Amino acid sequence: MSHTGVPTHNVRLEDANRSLAEFFIAEIRLAFNYFSKNFKNEVIKVVDRVADELGATSRFLHQHPELAYEEREAAQRLTALLKARGFEVIEGPGGLPTAFLARAGVERPSATIAFLAEYDALPSLGHACGHNLIAAGSIGAALALQPFLTRLGGQVQVIGCPAEERGGGKIALVKAGL
């Protein structure tokens, strides 16, 4: 008996702490496995719903290659897609007319995930580096996370980066604080 009259068992504190830790680890694993499976399935459903639109966006960019700092059609197409899906879009950050910052989620996030969308083309080669795919894929990733942001307390951003191939668009965006 303890000094308070409560019966005690002959269990060492280290053993009790280890058992408690093992219990919590097991519970966390169960929750993680449940959440991961459900989360993965929900993300797949979202991606399936937007796949055709993302494919069309990638093909449009590929068929309309624009050089550094001239990506007007690309920026317009990408920002229109994001706006239509409920993203707040800021156009022209860093003084770059074809750059953008799009964001969705909670106002004061516990975490923010950002995807960089590049969409400029190479002279004479077009989208040989696949920036049409990078742009569509970055937007697709952001759209896949969007439905979960309120539940998770997070925010997702798409940073539209012009002039990746020639001209240093990323440098200007970094200097602007993005």
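Structure first, text after, so check above.
The sections below set out a description of the structure shown in this document.

Cut-offs used in this document
Residues numbered from 1 in each chain as written. Predicted model: local features only at pLDDT ≥ 70, side-chain atom pairs only at ≥ 80, totals over all residues. Heavy atoms only, no water. Core = buried A, V, L, I, M, F, W, Y, C linked by side-chain atoms within 4.5 Å. Buried < 20%, exposed > 50% of the residue type's maximum accessible area, 1.4 Å probe, protein only. Helix = DSSP H or I, 4+ residues; strand = E, 2+ residues; numbered from the N terminus. Pairing = 2+ DSSP bridges. Expected span 1.5 Å × (residues − 1). Salt bridge = Lys/Arg side-chain N within 4 Å of Asp/Glu carboxyl O.

**Considering the nonpolar core**
- Membership of the largest hydrophobic core comes to 24 residues, with the highest contact counts inside it found for L82, F87, F100, Y119, I139 and V158.
- When contributions to this core are tallied by element, the ones reaching two or more residues are α1 (13–63), α2 (72–84), β2 (100–105), α3 (131–145) and β4 (154–161).

**So, the pairing of β4**
- Within β4, eight of the eight residues are buried, which leaves it mostly tucked inside the rest of the structure.
- Burial along β4 is two-sided: G154, V156, V158 and G160 and Q155, Q157, I159 and C161, pointing in opposite directions, are all buried.
- The pairing of β2 with β4 spans six bridges and is antiparallel. Residue F100 lies in a different strand from β4, and its bridge partner there is G160.

**Let's talk about α3**
- In this model, α3 (15 residues) spans 21 Å end to end at C-alpha, consistent with the 21 Å of a helix rising 1.5 Å per residue.
- Most of α3 is tucked away, with eleven of its 15 residues classed as buried.
- Along α3, the residues that are buried comprise H131, N132, A135, A136, S138, I139, G140, A142, L143, A144 and L145.

**A short note on the pattern of salt bridges**
- If you walk through the whole model with that rule in mind, you get six salt bridges.
- Residue E53 pairs with R85 through a salt bridge whose shortest N-O separation is 2.5 Å. On the criterion of sequence distance, the pair formed by E53 in helix α1 and R85 in the loop between α2 and β1 (88–91) is long-range, its members being 32 residues apart.
- The class of E53 is partly exposed, set by a relative accessible area of 33%.
- In this structure, the salt-bridge partner of E88 is R103, at a minimum N-O distance of 3.2 Å. Residue E88 is located in strand β1, and its partner R103 is located in strand β2; the two are separated by 15 residues in the primary sequence.
- If you follow the salt bridges from partner to partner, you end up with E118, E164 and K170 in one network.

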